[in-house]
Amino acid sequence: MNPTPAIVPLAAVTIDAVELVRVDLPLVRPFTTSFGRQTRRETLLVRVRTPEADGWGEIVTPAAPVYSEEFTAGAALVLRDHLVPWLLAPGSEVTAEDVGTRLARAHGHRMAKAALEVAVMDAQLRTAGVALADHLGAVVDRVPAGVSVGIPDGGIPELLEQVAGYLDEGYLRVKAKVQPGFDVAPMTALREHVGTGVALQVDGNAGYHPDDPAHVRALDGLDELGLVMIEQPFGTDRIRDHARHAARWRTPVCLDESIHDATRARDAVESGAAGIVNIKLGRVGGLLESVRIRDTCRARGVPVWCGGMLETGVGRAANVALAALDGFRFPGDTSASNRYWAEDVTEPFVLEGGYVAVPRSPGIGRTPRETWVAEAAIERIDRHR
Ligand code: SMG
Ligand code: MG
């Protein structure tokens, strides 16, 4: 295990204004999970304006509160009316660490808070001329990329075709979405189609009920398929149910939606509910909490990996830097830009031999194209208002 040096503090920045930039991008193909079908990404980027540099972050909310309580319009409102004024009010100088402290009295809204934290850290790093990956202590220059495959409109034949295409492109593992009624049969067909050599895992997105015998039978069936992990079969608060069933299954259970912070990660790991933890910096309130979750899991011998929320290049840049840290053990949902978008808002991330390069330019290492920003709707919250 590589010892990770403590994160060196960066100089504070003076925020003049915070801007919310609207993203509305069609996905190259629909993405269906147990909570619904998405055909586009409707979200917001946050730009923190400082005299030296602008910092960028992405709010990873979906348009509707279906993955967690958070959704894009709610995030815009809480940022405009509460979080940004709190961040700007107590004094002009802020660090990424201050973001969590100043916003701590707001319950939840972690995705909104995370975007602000990343944007402030990005402004600090650009001012200092340091890359995010270097700041966090990245141990690799490229990260292995997985791909997350939604429940296809065309059923099993389309699933097999999509997965074959992604494997041809070089993706190093396949995560397939499952839901009651679309699980054992399609995953058995997929396993037969790709063979035992392909790293295959499933994600239930909290769609299964631990007390429904048919649901449990289906999950028991998935347990027979040699999967790398079963991600979040049960609801967010069902830690004990995850532990109870994980004890019976040979396939490790990975928790996603359930893990809000390092304390929840500790409880999930120590109770046996999670043998693996999916870290999404938006879900947990930022990069600093992500690193604390990594630390919590690493100290208990539990591997983590970097999840995704269909990010543009802005959010992906931060994810890829995080995925490069020690303790991140599996290919992440860190696919290339073209898996999501005909044209990304930043310089795209590309797949090279199954890997994505970790950005090494100052800050998060990606900036939205000016031509795109000029056309995107912007709301500005100034310091002196
Ligand atoms: O970013 O490639 C991606 C998507 C990864 O499957 C993915 N995310 O539960 O892990 C998950 C889902 C949530 C997506 S909802 C926007
Ligand atoms: Mg998930």
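Everything quoted here is computed from the prediction, not taken from an experiment. All residue numbers here refer to positions counted from 1 along the written sequence of the relevant chain. Chain A is the first chain written and ligand 1 is the first ligand written, with later ones labelled in order. With pLDDT at 70 or above as the cut-off, local features in this predicted model cover only qualifying residues; side-chain atom pairs require 80 or more to be listed or tallied, and sums for whole chains, interfaces and linings still use all residues. For the side-chain quantities, the full set of heavy atoms in the structure was used; hydrogens and water were omitted.

What about the coordination of the magnesium ion (ligand 2)?
- Every protein donor of the magnesium ion (ligand 2) is accounted for by Asp203 (OD), Glu231 (OE) and Asp256 (OD), and the metal-donor separations fall at 2.1 to 2.2 Å.
- For Na, K and Ca the donor cutoff is 3.2 Å, while for all other metals N, O and S atoms count as donors only within 2.8 Å; water does not appear among the atoms, so some sites may look incomplete. In primary sequence terms, the donor set of the magnesium ion (ligand 2) follows D-x27-E-x24-D. Taken together, the positions of Asp203 in strand S9 (residues 199–203) and Asp256 in the loop between strand S11 (253–255) and helix H9 (262–270) put the pair 53 residues apart, joining distant regions of the chain. With respect to class, Asp203 is no different from Asp256; both count as buried. Where helices and strands are cited, they refer to DSSP runs of H or I of at least four residues and of E of at least two residues respectively, numbered from the N terminus. Throughout this description, buried means an accessible area under 20% of the type-specific maximum (1.4 Å probe, protein chains only), exposed means over 50%, and partly exposed covers the range between.

Looking at the packing of helix H1 (residues 72–88) against helix H3 (residues 110–128)
- Structural elements are reduced to axes, namely lines fitted to C-alpha atoms, with helices fitted over the stretch in contact, and the angle between N-to-C directions of any two is expressed from 0 to 180 degrees. Here H1 crosses H3 at 50°, and the two axes come no closer than 10 Å. Compared by their axis directions, H1 and H3 come out oblique. Along this stretch, H1 crosses H3, giving a crossing that reads as right-handed. Where H1 approaches H3, its residues Ala75, Val78, Leu79, Leu83, Val84 and Leu87 are matched on the opposing element by Ala112, Lys113, Leu116 and Val120.
- Tallied by class, residues from the contact of H1 with H3 come to nine nonpolar, no polar and one charged. By definition in this entry, angles of less than 35 degrees are roughly parallel, angles greater than 145 are roughly antiparallel, angles of 65 to 115 are roughly perpendicular, and the rest are oblique. In this scheme, a crossing is called left-handed if the near helix is turned counterclockwise away from the far one by less than a right angle; it is called right-handed if the turn is clockwise. Whether two residues touch is decided by their heavy atoms; if any such pair falls within 4.5 Å, the residues are in contact. In the scheme used here, Gly and all other residues not listed as nonpolar or charged are polar, with Ala, Val, Leu, Ile, Met, Phe, Trp, Tyr, Cys and Pro taken as nonpolar and Asp, Glu, Lys and Arg as charged.

Thoughts on the side chain of Thr312
- Along the polypeptide, Thr312 turns up in the loop between strand S13 (304–306) and helix H11 (313–323).
- Every residue in contact with Thr312, bar those within four places of it in the chain, is listed here: Val23, Leu25, Leu45, Glu58, Trp341, Asp344 and Val345.

Description of the layout of surface pockets
- Here a cavity denotes grid points, spaced 1 Å and computed from the protein atoms alone, that fit a 1.4 Å probe unable to get out, and a pocket denotes an open set having protein on both sides within 12 Å along at least 5 of 7 lines; residues with an atom within 4 Å of a point are the lining. Grid points are joined across faces, edges and corners, and a volume is the space filled by probe spheres set on the points. In this structure, the largest pocket encloses a volume near 380 Å³.
- Together, 21 residues line the largest pocket, and Gly100, Lys113, Val284, Gly285 and Glu289 are the ones closest to its centre.
- Put simply, the parts of the chain that give the lining of the largest pocket at least two residues each are helix H2 (96–103), H3 and helix H10 (287–299).
- In terms of residue class, the lining of the largest pocket is built from eight nonpolar, five polar and eight charged.
- The volume enclosed by the second largest pocket comes to roughly 290 Å³.
- Elements with a minimum of two residues in the lining of the second largest pocket: H1 and H3.

Side note on the pairing of strand S7 (residues 146–149)
- Of the two faces of S7, the one carrying Gly146 and Ser148 and the one carrying Val147 and Val149 are both buried.
- A pair of strands is considered paired only if DSSP assigns at least 2 bridges between the two. Taken together, the four bridges between S7 and strand S8 (residues 173–177) define a ladder with parallel strand orientation. Pairing of Ser148 across the sheet is with Lys175, part of S8.
- Look down the strands so they point away from you; if the path from the first strand over the helix to the second goes clockwise, the crossover is right-handed. Remark: the S7/helix H5 (residues 155–169)/S8 crossover connection has right-handed handedness.

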